[in-house]
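The primary structure of each chain is shown beneath.
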Amino acid sequence: MKKLLITALLLGMVSSVFAQVKLEGTVRDSIGNPLELANVVAINQETKALDAYGIANNDGRFKLILKKNTSYKLQVSYIGMKTGEELFQTKETDVVKNFSLKNDNTLDEVNLVYEMPVVVRGDTMIYNADSFNKGTERKLGDVLKNLPGVEINDDGQIQVEGKVVSKVMVDGKEFFDGDSKLATQNIPSNAVDKVQVLKNYAEIGQLSGVTNNQDNVAINIKLKEGKTNFWFGNITAGGGASNQEGLYLFQPKLFYYSPKYSINTIADLNNIGEIAFTRRDYFNFTGGFRSPSRSSGTNINLGSNNLGFLTVQNDRAKAINTKFGAANFSWSPNKTLDLSGFAIFSNNKTEMREISDIQILNDVSRNENKENNTTQRSDLGMLKLSGKYKPTSNNQLDYDVLGRVSKESQIQNVISSKIGNINELERSSPFSINQNLNYYYTLDATNIFALEVQHLLQDEDPFYKAILDDKDNYEATANNLGLNGAQIGYKIGQDKRVKSNKMDAKLDYWNILNKKSDINFTFGTVLSSQKFNSNIFQFFDDGSIFNPTPTINEGRDTNAIKYLFSDVYLGMHYRLKSGIFTFTPGVSAHGFSAKNTQFSQTTTDNFFRLLPDFNMLMQLKKSEQISLNYQMQTQFTDVSKFASGLVLNSYGSLFSGNPDLASALSHNINLSYYSFNMFNYTNVYASINYNKSIDNIRNVSIFEPGSVIRVSSPFNSGLSDESASANGRFQRTFGKIRASVSGNFNYSKFNQFIQNQPTVNEGFSQTYRTELRTNFKTAPNVELGYRYTVQDNSNSNTKFYTKAPSVALDALIFKTFTFKTDYSYNNFSNETKTINSYQFLNASLSYRKDKDAKLEYEVKATNLFNTKSQNNSNTDAFSVSATEYFIQPLFVSFRLRYEL
């Protein structure tokens, strides 16, 4: 049945292509000059529908795909020109037709019967959403997927011409600090009128002429008439059943926009695996904060002491319960002051089961089979308040404060072929406060100043406990730790506390020398203070606590260390525009100081270094460019790598730091190309990245005899590590069919020591994707895809392959029913056999009386084949693993959606 359906859809697509003819030509003014970006539309005289549209390229050429033997009215428009109209009858063959437009001295606004689907004005591209909508859209993400040149990537982020959108606004107001994932999943599609893509976007207008913004893209959503000055949105509620438990769902999403203020509220409670805000989203949510020293060449890592949570694969796990609430506001009490803020709370409970086959590099005797049964709980909260004061166009003062707090825990039951049965508990309640103060002042047409100051206060307190029942397999490690063996099993624990205090500030001055060049001077500093405390202890059977003395590492299993870092730098950049080129060479001079104090000893590293950087932009056309970036960076590590007392990363991993660590030096090169041709809707993006790191910090690791337990310590390798990546995407639209091909390649080579033997670890991965999708207004639309992935590790001589074809269908039936289904098949194998194959089928059917109806009824089924598990592979510095993880069963839910 599935093969027949796919065959029928392909035949329909092919017959649609062969029932079309091509109309192309040029649009010029009265003296023969080409009119780039002129709009051409074709209106079907029988249906009165807009069948095709086109935009002229830099040579004035346009192209339309029309139906055979059909009568059309052609309209050609250009700002400042009189609109041209002509009745036209297509035949069986392609046609060439040219247009010449005359000046319109009245300068009245062009009056078109139909609104252009796409309008280009400088660096702004405006999409009319209704021109692309098919009637099956329910949220902003569905709308954006229809737009040429716009994609939603696997992480839920919006990409335009290969670039990740940095900010999302609604009617000019930031939506949760511009977070694209929250926007795509929650803004209702029926509220969207226009999608404005703002390329070369500069958040600070005063700096737009002196900064390189070629990689900055923002999106502004213009609301439909009637969606302002009152509440809109929807409320979804539902329930269902599975073979495990009853199901529930409640998702209210309410919005209010007016010229002076806006309010956005989102809530989500469900146990069907629809995660509104993941733990990864929480830690990746910047809140709009960007480090002032991000381009200075200094890279200091404050480390992350988050819990080592097992990762939910593709939002699938054995069981997922979600509670999420968020509110965002903006208020403009007057023309000079804007206030905004948001609050986010998320509570997730996740149950997971994984079975892993782990191969230790260079030593098959340590290969391990492991089963993990895990329960995770997390309470995550964020609160941000912002203010922008702009009394004149030449003065702007910004202040932001962002607070984060969380309470997390993870309980794991591990069954290991090497260690036996282990129970692990991890918990943490960290918090942080981040403040940002920026001031921008334009003295006159040639002198601009900018001050940026950021402060971070962070407190982390991870706790770890492990209970090991099999004492014999842990005996060597227990002796090293000095544990008491007169207990039923080994119960070990560790408290850690990391406090970080960092200030990052810089003052910029730009002098505009002429129309084609300017010079920038930067004075900045980065100051950081970190304190790290840790203690390893043993729980006795009677509940008492024993503080052991290790027999290794000079008997040290506690840490009390303070780490101070400072960087004072002066930078200079010169920017020159010459023809299609923009060159920006620069250099910064740094005075570095790193000092750590522990066990009554102080280690200091002071030095001076020059760090060059270079940017070149080649603007071939308005929507075609090549950019080259080079930057030399000095990389500094965090306090935990200096702490010389033993640290228990897990029951199977001990670590002791090195107080004599030095910084590493890296060279970073990026070459990228993108082109978006509105003439034939061809979107091309390609990027190559190369990194070479010298004297990087690597680990020397010693494994216990015959065991998978290792003791590691960092050192400066004195060698060079390298990584390279390349990715590209080609997309082309043929009438109502859009095809795309993409590839991603990653190579890495780094040095390490295992069992005191130097080892060069090389890894290579490659992923290929192809996609074919239709965009019919009334016919069912289909999306065909195929993904092929290879993961190769030279040290273990292992290769894993993933082959994943997929098909998705959505259809509007009788203008009242919306049917959606998607199917995917995965084959996961190594070089000799298939390890696992699995398939997923999801489907939904909804009913609403018409597109303006308030109520919609939906039945939705996920995992219709009741697939039990999935597979993936992973490579780290010491091992290669293939993992099977178990997922939620077949769910069927019934939902009621009410539109305000």
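What you are looking at is a predicted structure, and each value in this text was computed from that prediction instead of being measured.

Caption draft 1: Up close: the overall build of the chain. Looking only at helices and strands, the chain has five helices and 53 strands in total. On C-alpha atoms alone, the chain measures out to a radius of gyration of 30 Å, which is about the 29 Å that the 2.2 N^0.38 rule sets for 900 residues. The principal-axis extents of the C-alpha atoms in the chain amount to approximately 95 × 70 × 55 Å. Taken across its 900 residues, the chain has 50% of its residues classed as buried. Within the chain, counting contacts between residues at least 6 apart in sequence, those at least 24 apart form 66% of the total. For the chain, the exposed area adds up to about 40100 Å²; of that, 55% sits on carbon and sulfur atoms. On the chain, the mean spot of the 95 positive side-chain charges and the mean spot of the 89 negative ones are 5 Å from each other.

Caption draft 2: Quick look at the sheet that holds strand S6 (residues 84-89). Reading across from one edge, S3-S2-S5-S6 is the order of the four strands in this open sheet, with antiparallel pairing throughout. In this open sheet, the two strands that pair with only one neighbour each are strand S3 (50-55) and S6. Across the sheet, the mean angle from the axis of one strand to that of its neighbour is 20°, orientation sign disregarded. Where strand S2 (residues 39-44) and strand S5 (residues 71-77) come together, six bridges link them in antiparallel fashion. Looking at the pairing, Val41 lines up with Gln75 of S5.

Caption draft 3: Structural context of the environment of Pro117. Along the chain, the position of Pro117 falls in the loop between strand S8 (99-101) and strand S9 (118-121). Exposure remark for Pro117: the relative accessible area of 1% places this residue in the buried category. Between the C-alpha atoms of Pro117 and Ala129, which are twelve residues apart in sequence, the distance is 7.5 Å. Filtering out sequence-adjacent residues up to four positions away, Pro117 remains in contact with Leu50, Tyr53, Ile126, Tyr127, Asn128, Ser131 and Phe132.

Caption draft 4: Looking closely at the nonpolar core. Grouped together as the largest cluster of nonpolar side chains are 54 residues, with contacts concentrated most on Val118, Tyr127, Phe175, Phe176 and Ile344. For this core, the element with the highest residue contribution is strand S17 (residues 217-223), accounting for four residues. Ignoring sequence-local partners within four residues, the contact set of Val118 consists of Asn39, Tyr53, Ile55, Met125, Ile126, Tyr127, Phe132, Met678 and Tyr681. Ranked by size, the runner-up nonpolar core spans 23 residues in total, among them Val498, Ile561, Val647 and Leu665.

Caption draft 5: Inspection of the environment of Glu831 at higher detail. Position of Glu831 among the secondary structure elements: in the loop between strand S48 (817-829) and strand S49 (834-847). Separated by 209 residues in sequence, Glu831 and Lys622 have C-alpha atoms that sit 47 Å apart. With residues near it in sequence (within four places) discarded, Glu831 still touches Asn797, Lys799 and Tyr801.

Caption draft 6: Focus on the sheet that holds strand S10 (residues 124-128). One open sheet accounts for six strands, arranged S9-S10-S16-S17-S14-S15; its pairing is mixed. Edge strands, defined here as strands with exactly one partner in the open sheet, are S9 and strand S15 (173-174). Relative to S17, strand S16 (residues 192-199) is paired through seven bridges, and the arrangement is antiparallel. Opposite Leu198, over in S17, you have Ala218 as the bridge partner.

Caption draft 7: Examining the pattern of salt bridges more closely. A full pass over the atoms with the stated rule returns 22 salt bridges. Across the pair Glu554 and Arg556 runs a salt bridge whose closest N-O atoms are separated by 3.7 Å. Of the residues examined, Arg556 reaches a relative accessible area of 25% and is grouped as partly exposed. When the shortest N-O distance is used, the salt bridge between Glu856 and Arg897 registers 2.7 Å.

Caption draft 8: Representation of a positive patch on the surface. Where like charges cluster on the molecular surface, the positive patch consists of Lys499, Lys531, Lys562 and Lys595. With respect to the secondary-structure elements, Lys595 resides in strand S34 (residues 581-598). Exposure remark for Lys595: the relative accessible area of 33% places this residue in the partly exposed category.

Caption draft 9: Representation of the environment of Ser740 in the model. Among the structural elements, Ser740 can be located in strand S44 (residues 737-754). Once residues within four sequence positions are removed from consideration, Ser740 is found in contact with Arg729, Phe730, Gln731, Arg769, Thr770 and Glu771.

Caption draft 10: Structural context of the side chain of Gln410. Of note, Gln410 is situated in strand S25 (residues 395-416). Within the structure, Gln410 has its side chain in polar contact with the side chain of Gln376 (distance 2.7 Å). Apart from the residues within four sequence positions on either side, Gln410 is in contact with Gly308, Phe309, Leu310, Thr374, Thr375, Gln376, Glu424, Leu425 and Glu426.

Caption draft 11: Highlighting the packing of aromatic side chains. Tallied over the entire structure, the rule returns 30 aromatic pairs. An angle of 80° between the planes, with centres 5.4 Å apart, marks the rings of Phe537 and Phe539 as edge-to-face. What makes Phe537 buried here is its relative accessible area of 6%. Taking relative accessible area as the criterion, Phe539 reaches 16% and is therefore assigned buried. Centre to centre, the rings of Tyr563 and Phe642 are 4.7 Å apart; their planes meet at 40°, and the pair counts as tilted.

Caption draft 12: Region of interest: the confidence of the model for the chain. The predicted model of the chain has a mean per-residue pLDDT of 87, with 94% of residues at 70 or higher. Note on residues 107-113: pLDDT under 50 across the span, and ten contacts to partners over four residues away in sequence or across chains.

Caption draft 13: Inspection of the side chain of Gln731 at higher detail. Among the secondary structure elements, Gln731 is positioned in strand S43 (residues 720-734). Engagement of the side chain of Gln731 in a polar contact is seen with the side chain of Glu151, the distance being 2.5 Å. Residues contacting Gln731, with those up to four places away along its chain left out, are Gly149, Glu151, Tyr681, Thr682, Asn683, Arg738, Ala739 and Ser740.

Caption draft 14: Region of interest: unusual backbone geometry. Here the phi dihedral of Asp695 falls at roughly 60°; this positive angle occurs in a residue that is not glycine. Within the secondary structure layout, Asp695 lies in the loop between strand S40 (682-694) and strand S41 (697-703). Even without glycine at this site, Asn866 takes up a positive phi of about 55°. Assignment of secondary structure puts Asn866 in the loop between strand S50 (855-862) and strand S51 (869-875).

The rules behind these values
Residues numbered from 1 in each chain as written. Predicted model: local features only at pLDDT ≥ 70, side-chain atom pairs only at ≥ 80, totals over all residues. Heavy atoms only, no water. Helix = DSSP H or I, 4+ residues; strand = E, 2+ residues; numbered from the N terminus. Rg over C-alpha atoms; globule rule 2.2 N^0.38 Å. Buried < 20%, exposed > 50% of the residue type's maximum accessible area, 1.4 Å probe, protein only. Contact = heavy atoms within 4.5 Å. Areas by Shrake-Rupley, 256 points an atom, 1.4 Å probe, with all protein chains shown as cover. Lys, Arg positive; Asp, Glu negative; His and termini not counted. Charge placed at Lys NZ, Arg CZ, Asp CG, Glu CD. Pairing = 2+ DSSP bridges. Axes fitted to C-alpha atoms, helices over the stretch in contact; angles between N-to-C directions. Core = buried A, V, L, I, M, F, W, Y, C linked by side-chain atoms within 4.5 Å. Salt bridge = Lys/Arg side-chain N within 4 Å of Asp/Glu carboxyl O. Patch = residues over 30% accessible without salt bridge, like charges linked within 9 Å, V, L, I, M, F, W, Y side chains within 5 Å. Polar contact = N/O pair within 3.5 Å; in protein donor to acceptor, adjacent residues only side chain to side chain. Phe/Tyr/Trp six-rings, centres within 6.5 Å; stacked < 30°, edge-to-face > 60°. pLDDT = per-residue confidence, 0-100.

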